[in-house]
Amino acid sequence: MLLVVALLAPAAVVGGVATRWWTTRHQRLADESIVSVQVLGEGDLMGGGGGGELVEVTSSVLVMNLGPLPVEVTGLHVAHTPLTLESVRSDVVRPGTRPFTVRLTLSCAAGVPSEPVQVVVSLRTADGTSRRTSSLMSTKPWRYAYDAMCRPLSGLR
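Everything numeric here is computed off the predicted structure, so don't read it as measured data.

Chemist: Can you break down the overall build of the chain residue by residue, with the values?
Modeler: Looking only at helices and strands, the chain has two helices and eight strands in total. In the chain, the succession of α and β elements from N to C terminus is α-β-β-β-β-β-β-β-β-α. Looking at the chain as a whole, 29% of its 157 residues are labelled buried. Carbon and sulfur atoms form 60% of the exposed surface of the chain, whose accessible area is close to 9,300 Å².

Chemist: Could you give an account of the pairing of strand 6 (residues 96-107), with specific residues and numbers?
Modeler: Both strand 2 (residues 54-65) and strand 6 contribute to a ladder of twelve bridges, which runs antiparallel. Residue pairing in the sheet places Leu62 in a bridge with Pro99 of strand 6.

Chemist: Could you give an account of the pairing of strand 3 (residues 71-80), with specific residues and numbers?
Modeler: Taken together, the three bridges between strand 3 and strand 5 (residues 91-93) define a ladder with antiparallel strand orientation. Each residue of the ladder has a partner; that of Val73, found in strand 5, is Asp91. With five bridges connecting them, strand 3 and strand 7 (residues 117-124) associate as antiparallel partners. Bridge pairing in strand 7 links Leu76 to Val121. Looking at chain direction, strand 3 and strand 4 (residues 83-87) are connected through four bridges and run antiparallel. Paired with His80 across the bridge in strand 4 is Leu83. A loop of two residues connects strand 3 with strand 4, the two strands running antiparallel in sequence.

So, how was this worked out
Residues numbered from 1 in each chain as written. Predicted model: local features only at pLDDT ≥ 70, side-chain atom pairs only at ≥ 80, totals over all residues. Heavy atoms only, no water. Helix = DSSP H or I, 4+ residues; strand = E, 2+ residues; numbered from the N terminus. Buried < 20%, exposed > 50% of the residue type's maximum accessible area, 1.4 Å probe, protein only. Areas by Shrake-Rupley, 256 points an atom, 1.4 Å probe, with all protein chains shown as cover. Pairing = 2+ DSSP bridges.

Laid out in structure tokens, this is it:
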């Protein structure tokens, strides 16, 4: 009986350690694949111009990473006529916020949408997986750009 206990005790310890390792590893992999990001428009204009019915503006958005791990944002995209938005570069966003420079194209004929637009966020998670997610973003910050660049054009008609 003592021999059976002596043989089973180390097996139980090894089994417990292996189970703990597997559980910890599984949890770490699950944490590395979690994505929670939001995109907020900013009213800062860094340049722009128009020709005819379209206005192109360089502006910025804030990408909020709600964690728990950093993600690499490889692209931001909106194709919601009459507004298009494209990010200029990719960057790593740690939990918190990071500004991204974007190019906006606005249609002076149609105006800026009053409802939020869907931003498609292309990113790479901590486990190296490329994914796409989306976030609703208000267009309110760019109504001022529209007013400043499009209203003079419409007043000439």
